[in-house]
Amino acid sequence: MKPLRWLDARWLVLVNNALLLVWGLALFGLQRSAVQIASCLAATLGCELLLARLTRDRRSVRDRLLSSATAAVSTLVLLVSPDVWFYAVIGAVAIASKYAIRDASGRHVFNPTNFAIVFAIALLPDHLLVRPDQFSGSPWLMAQIAVFGLVAAVQGARFRTTLGYYLAVVGFALPVGMLLGIKPLWIVAPEMNTSTLIFTCLMITDPRTTPEERRGQWVFGLSVGVVHLCLRYLQVPYSPFIALFVAAGLRSARRAVTRGADTPDTAAAASQAGVR
């Protein structure tokens with residue numbers, strides 16, 4: 001059900017993350033220079049327009065700019081690096097992944113922002129800092145993310161993916177944690193911070209890279225949650241993003257083997273994509 005059919009969910013992602021960037025710079029000591037922000041936006045938007053032209057993408061310029069701006073702002077919020085060039089490169093990588101890594105139906109396999117984060121973890125670890133969650137101390141920012149995220153998840157018709165993720169926390173992590181002698185607060189608290197809310201409501205709800213079928217959404221969210229929790233137990237940084245990368249890759253491989261067993265995402269659902 002989409003109560004606001006006219007609203008593209010990417011606007012919710014863009015506005016939410018842009019507000020976080022502004023609040024962070026103004027009130028929470030978020031360290032992003034004007035050069036980093038400007039270069040990230042220029043590189044991301046420029047890469048989108050260039051690749052769209054080279055591939056003869058028929059989407060409107062407005063749609064392409066919205067998609068690339070969302071990826072740029074999301075990257076600036078979710079990653080931390082002191083290097084001037086870092087965000088421009090990562091933003092371009094996010095956009096390039098949409099055009100370079102596609103399945104047989106022409107859909108991009110990975111959420112662009114998530115792909116860029118994993119790219120940075122794998123290939124640029126010396127330029128990436130393990131991010132402190134600078135917003136979680138503010139209840140009103142948490143409320144902002146929750147409201148924007150809830151509406152985006154419902155608009156994209158992927159709220160079951162989010163519920164599946166938290167089902168993994170309640171149904172898997174808590175019982176296993178009890179057996180291992182881990183306090184419940186240690187398990188639950190990190191799953192309620194701002195970066196996790198952004199991830200669960202505004203990233204894994206992307207209709208382009210997640211299942212449309214209801215049961216598939218539950219399974220996808222549950223699998224992302226379980227992989228993430230195992231990686232988190234091993235103290236792997238950015239574990240939710242790595243888990244989503246693994247789940248999206250396996251989903252694409254399964255679809256290739258079964259020749260599209262999942263129902264294809266419709267163009268209307270695709271236009272309601274989350275972080276892209």
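Before reading on, note that the structure itself is shown above.
Note that this is a predicted model, so its numbers are computed, not measured.

Definitions and cut-offs
Throughout this description, residue numbers start from 1 for each chain and increase along the sequence as written. For this predicted model, a pLDDT threshold of at least 70 governs which residues receive local features, and a threshold of 80 or more governs which side-chain atom pairs are given and counted, while totals over whole chains, interfaces and linings are taken from all residues. For the side-chain quantities, the full set of heavy atoms in the structure was used; hydrogens and water were omitted. Numbering of helices and strands starts at the N terminus; helices are DSSP runs of H or I of at least 4 residues and strands are runs of E of at least 2. Note on exposure labels: buried denotes an accessible area under 20% of the residue type's maximum, exposed denotes more than 50%, and partly exposed covers the range between, all computed with a 1.4 Å probe on protein chains only. Take the buried residues of types Ala, Val, Leu, Ile, Met, Phe, Trp, Tyr and Cys, join any two whose side-chain atoms come within 4.5 Å, and each joined set is a nonpolar core. Think of a 1 Å grid over the protein atoms and nothing else: a 1.4 Å probe that fits but is trapped marks a cavity, an open set flanked by protein within 12 Å on at least five of seven lines marks a pocket, and residues with an atom within 4 Å of a point count as lining. Grid points are joined across faces, edges and corners, and a volume is the space filled by probe spheres set on the points. Each residue is assigned to one class: nonpolar for Ala, Val, Leu, Ile, Met, Phe, Trp, Tyr, Cys and Pro, charged for Asp, Glu, Lys and Arg, and polar for all the others, Gly among them.

Enquirer: An account of unusual backbone geometry is requested, with residue identities and associated values reported.
Expert: The phi angle at Gln 235 is positive, at roughly 65°, despite the residue not being glycine. Along the chain, Gln 235 turns up in the loop between helix 10 (214-233) and helix 11 (239-258). Taking the relative accessible area as the measure of exposure, Gln 235 reaches 71% and is therefore exposed. For Tyr 238, which is not a glycine, the phi torsion comes out positive at approximately 55°.

Enquirer: Got a sec to walk through the nonpolar core? Specific residues and values, please.
Expert: Ranked by internal contacts, the top residues of the largest apolar core, which has 50 residues, are Leu 79, Phe 86, Phe 199 and Val 224. Membership of the second largest hydrophobic core comes to 6 residues, among which are Cys 47, Ala 71, Ile 95 and Tyr 99.

Enquirer: If you had to explain the layout of surface pockets to someone new, which residues and values would you point to?
Expert: When its volume is computed, the second largest pocket comes out at roughly 290 Å³. Put simply, the parts of the chain that give the lining of the second largest pocket at least two residues each are helix 10 and helix 11. No other element matches helix 10, which puts 6 residues into the lining of the second largest pocket. Taken together, the residues of the lining of the second largest pocket sort by class into 7 nonpolar, 2 polar and 5 charged.

Interpretation in functional terms is not warranted from these geometric data alone.
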